[in-house]
Amino acid sequence: MRLLRPNLTLRRRMALPVAPVTDPQTNVLPPAREGNTALRWIKENLFSSLFDSVLTIISLLFLFFALRLALDWVFNLAQWDVITENINILMKGAYPSDQVWRIWLGLYLLGAIVGINLRAWNRELNRTTIAIAAIPLILALLPFASENARINLIIIQVTSAAAYLLTSILGDKRRRQLAAVMSILYIPVFILLLEGFTDEDGIMPLVKSDLWGGLLLSVLLATVGIIFSLPLGIVLALGRRSRQPAISALCITYIEVVRGVPLISILFMGNIMLQLFMPQSLPPIDRVVRVMMAITLFTAAYMAEIVRGGLQAIPKGQYDAAYALGFSGLKSMRVIILPQALRIVIPVIVSQFIGLLLDTTLVALVGLFDLLGIGQAILSNPNWLGRSQEVYVFIGLIYWILATSMAFASQRLEKNLGVGRNYDESQ
Amino acid sequence: MSAFYGSSIRSSWWLWSRLSWFFLYSNMVTALRTQKEVPISYDFLHDTAGFNLGESAIAFTCTDPIHRAMLVGLLNTFKVSITGIALATLLGTFIGVMRLSTNFLVSKIAWAYINVFRNIPPLLLLIFWYRAVFLKLPRVQEAIVFFDPVFPIYIANRGLFFPWGTPTESWSTYRWILLAGFVLAVFVAYRLRQHGKRTGRMPLVSLWFAVILLVVTLLGYVILPDPLEITKPALKGFNIRGGATLSLEFWGLLFVLVIYAAAYIAEAVRAGILSVDRGQREAARALGFSSFNIMRLIILPQAIRVVVPPLISYAIGFTKNTSLGLAIGYTDFFAITGGLILNNTGRAVETLTIILLVYLTISLIASLILNMYNRRIMLSH
Amino acid sequence: MNRNSAPARTEDPIIICRDVQKWFGKYHALKGISMEVMPQEVIVIFGPSGSGKSTFIRTINRLEAHQSGQIIVDGIELTHDVRNIERVRMETGMVFQQFNLFPHLTVMQNITYAPMYNRKWHRSKAEKVAMELLERVGIPEQAEKYPAQLSGGQQQRVAIARALAMQPKMMLFDEPTSALDPEMIKEVLDVMIELAQSGMTMIVITHEMGFARAVADRLFFFDEGLVVESGTPDELFNFPKEERSKQFLAQILSH
Ligand SMILES: Nc1ncnc2c1ncn2[C@@H]1O[C@H](COP(=O)(O)OP(=O)(O)OP(=O)(O)O)[C@@H](O)[C@H]1O
Ligand SMILES: [Mg+2]
């Protein structure tokens, strides 16, 4: 090692030139790499080295050929009449045409509920919320929408706007109550609308769920699955951390078994075995409901894990504070802990919803006519022989648009409203 | 989290859950008694299957027992998942690294890949590729041929045909050479490791291992008089003879599950590499490490810890997803048990129970591995 | 080598920076810094946040590339030549604000990896040197622990030992104590003071003015990418010339 310095004061002071002090005002040099910013960007991001340039050229070639292939197919080879002719079936399945107004009515309601919710949870309108609110209008402007669909979509838009404005009359708290109640009631009301409740010549004759299909059924299955699995998932998550070993063992077993097996096996079980677990006295449950139950039971296990993740993210201090204030165990859970935990996991629930929407295609394998099932049915019609590429690409496009737009909206909401984070982080 | 449930709630819940289970169970028992009049029994597993299976790794005929058919299915499931997980890991890593590229186009192409395949239902992908692409491949007579004279690969709507070797007389000697090469490679790798531990500089052990194995394999092949007789597929009349075949169902399922899983793995790999703090790279650079050593000694060991856990769960997911093979007629475990056997015997409760147990065992084993891995990492933290 | 022996040998500066400039995109982070550092000199750099202190010190071992001007370290000019850069980096140790220890390696491995892989030392030698260094920084008993098991002050001392293990000719410190709790700052400063007294050439970014008073040969006050004022601790603390340095010193010395 080096020698110790004997003494600080004896250190040699070196007479070095003091660094020149330049004045910042007079020393405004141009950036080292001046010139066109676009050119510079291209140089830095595409041609920064020889290897980089090779990669760029390969990518460009790839993109060129892929795009040419795709465009050639879309505009020259593909015959899109199979879609335009069947668009109604793809959207709603075999739902009787003279009863379609019930679906539209349900969608008006949905528009209203979106309007109410946007007013209730948002302090001001920003670009994201406007984009969400304007979805019906955007859809109405799409090229292949029919006259009828356009009118209905515009009505939805108007209802939505009206609901937004009407909700403004209410106070902050009332708005939120209204939004919550309406949202919870919506799904049963919508199903009742679809199902009908009068006899043949009544205003709403029964439409058996076997006739529901297409995109309508896919979205319905995913929505029902998410909504009904939430309470079940909360119960399972709480049960899992229960100190009563029998309960926690039961919940853990359920969660792990369901998460350990493929969805298709749960659907098979639901289809075949649910009937066995029901009392003999009840009439047989129809197929769509059985599948809904299977999907709900399946999703509940995943939801339980999501909720558990949320609960784990709550600092222990929150429990302590709740107990210190005299809340009982269950009450502190309900009033203090769960609301925070659920707020944190909203984005995860959204992505679970997206995943579930994509997974609902599996119901085609147990004989339901969801979007994919309808597509298969159309293709089995000899008239449309050889159009499988068009049909599958169209269906894929719908799923892709739904999934990406939901993911995008959820991301934006996360950013704007701070959901998905702890309160203290989001402020 | 003390005193979470009041004792009254606890006991009432317990009672309730017991009652509800009993309710469900008694319903099932009555249903089985009155409707089907067949008691639950697993004896049917020993009955003859009565169906043939095209895709089988072991000998199977329609007179074999049902449990053997299940085994065939299980092997088919493993066949797809093991090759598929390996391929998906490679592809996913490649795309994950592409995503991190500083080249704008490369990164965006990877992004598009990930985005598209994560947002389209895998079943739709599978049916699309199988029905709308693979089945539209030309007939055998007009098969597409690659690398013709040297290594002909035929692609047709009946499968993928490629050259394959059948053992000749010298094969048994060659096997010994391979074994010896393997032993040598292990030995050298072991010595290199020891040397690395002693000096502190670890050589590239796995590279040496692979090189030795490769050299011995090639040398042995050159020295011996052709231990394998390579037969190349060739068109004979309406059929392709020679070589080996992969059924359209197999490679359709493999292809789709691989491109689908790779999208997820790519994200995991990207997240893993990004999870290593920037300061790590800087500190390593400040100490004078070369960029290869920074990757090998500092970045990768840390990234792998983050990547492996999701990778294991994607591997489980991959295995579960092979059940989608049902949609295109690939006879995996689920298609055979939940499809063929269930239809033939009508034994819903039994077959579905077996299905649950088998998948559960697979995921339990995988989670066990995951837990072991996590514990090992915990220890070194 | 006794530095008191007269007459003083005419030594060459070990670090020479001439009009170093650096842009981040359009942002002009360094507007022309010149500085010469003699062997065994201790330089302290201070100045407001965002003034370019870190950027400057990182150009010296080329964690950031400068875009104009000249930097010569230990006789090697920093250019695009990679081999030169690695040589320079082996001669300059660096200690970071956030420690940047390798979390997957033990303390011992953290210290020995660089000499083993980059100086090609045998493991036994590397470990012997590492143990000596751990003793020097006062934590020999922590050798087999992982960084996460150490306190912040201990981690920073390991980071110093890690840099010293390469036996660098000079050390760069980028705010080594500002991520530490007050009671740990002293243990790190003590190690640094000992290091300075042992004759190490050091460039230290810090606002610990006690440290500067004790060991610094010269102080540089940075602001807006420029050296506003420089001089001995005496000169700067007692007779600052520039208005900005006065204000800044008044602020940091007041607490
Ligand atoms: N990689 C980078 N890209 C863009 N700008 C940067 C980068 N690194 C630093 N800067 C900018 O350069 C300026 C100088 O940064 P620098 O880190 O050198 O300041 P500093 O004096 O060390 O401040 P502090 O005391 O906060 O560490 C800052 O305005 C910073 O925003
Ligand atoms: Mg800094």
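For clarity, every value in this text was computed on a predicted model and none was experimentally measured.

**Observations concerning the overall build of chain B**
Then, in step 1: From N to C terminus, chain B includes 11 helices and 8 strands.
Then, in step 2: Buried residues in chain B amount to 45% of all 381 residues.
Then, in step 3: Taking the intrachain contacts of chain B between residues at least 6 apart in sequence as the baseline, contacts between residues at least 24 apart amount to 66%.
Then, in step 4: Here chain B has roughly 19,700 Å² of accessible surface; of this, 68% comes from carbon and sulfur atoms.

**A word on the sheet that holds strand E5 (residues 76–77) of chain C**
Sheets are built from strands paired through backbone hydrogen bonds, the pairs being either parallel or antiparallel.
Residue and element names in this part refer to chain C.
Then, in step 1: On the basis of which strands lie adjacent, the open sheet formed by 4 strands has the order E2-E1-E4-E5 and antiparallel pairing. Looking at strand neighbours, the two that pair on one side only are strand E2 (27–37) and E5, the edges of this open sheet.
Then, in step 2: On top of the sheet, helix H1 (residues 53–60) reaches strand E1 (15–24), E2 and strand E4 (68–73); it is set at about 55 degrees to E2, its chief contact.

**Quick look at the site of ligand 1**
Residue and element names in this part refer to chain C.
Then, in step 1: The environment of ligand 1 is made up of Phe24, Tyr27, Ala29, Pro48, Ser49, Gly50, Ser51, Gly52, Lys53, Ser54, Thr55 and Glu175.
Then, in step 2: Within the side chain of Lys53, a nitrogen or oxygen atom sits 2.9 Å from an oxygen atom of ligand 1.
Then, in step 3: For ligand 1, an oxygen atom lies 2.5 Å from a polar atom in the side chain of Ser54.
Then, in step 4: Across the complex, the protein chains shield 61% of the 630 Å² of accessible surface that ligand 1 would expose by itself.

**As for the pattern of salt bridges**
Then, in step 1: The final tally for this structure, using the stated rule, is 24 salt bridges over all chains.
Then, in step 2: Residue Glu282 of chain B pairs with Arg278 of chain B through a salt bridge whose shortest N-O separation is 3.0 Å. Placement of both Glu282 of chain B and Arg278 of chain B in helix H8 (residues 278–286) is noted, with a separation of 4 residues, approximately one turn of the helix.
Then, in step 3: Taken together, the shared-partner salt bridges in this structure form one network comprising Arg278 and Glu282 of chain B together with Lys22, Arg58 and Glu64 of chain C.

**Things to note about the side chain of Ser229 of chain A**
Then, in step 1: By secondary structure assignment, the location of Ser229 of chain A is in helix H9 (residues 214–240).
Then, in step 2: Excluding residues within four positions of it along the chain, Ser229 of chain A makes contact with Val224, Thr296, Thr299, Ala300 and Met303 of chain A.

The rules behind each value
Residues numbered from 1 in each chain as written. Chains lettered and ligands numbered in written order. Predicted model: local features only at pLDDT ≥ 70, side-chain atom pairs only at ≥ 80, totals over all residues. Heavy atoms only, no water. Helix = DSSP H or I, 4+ residues; strand = E, 2+ residues; numbered from the N terminus. Buried < 20%, exposed > 50% of the residue type's maximum accessible area, 1.4 Å probe, protein only. Contact = heavy atoms within 4.5 Å. Areas by Shrake-Rupley, 256 points an atom, 1.4 Å probe, with all protein chains shown as cover. Pairing = 2+ DSSP bridges. Axes fitted to C-alpha atoms, helices over the stretch in contact; angles between N-to-C directions. Near = heavy atom within 4 Å. Polar contact = N/O pair within 3.5 Å; in protein donor to acceptor, adjacent residues only side chain to side chain. Salt bridge = Lys/Arg side-chain N within 4 Å of Asp/Glu carboxyl O.

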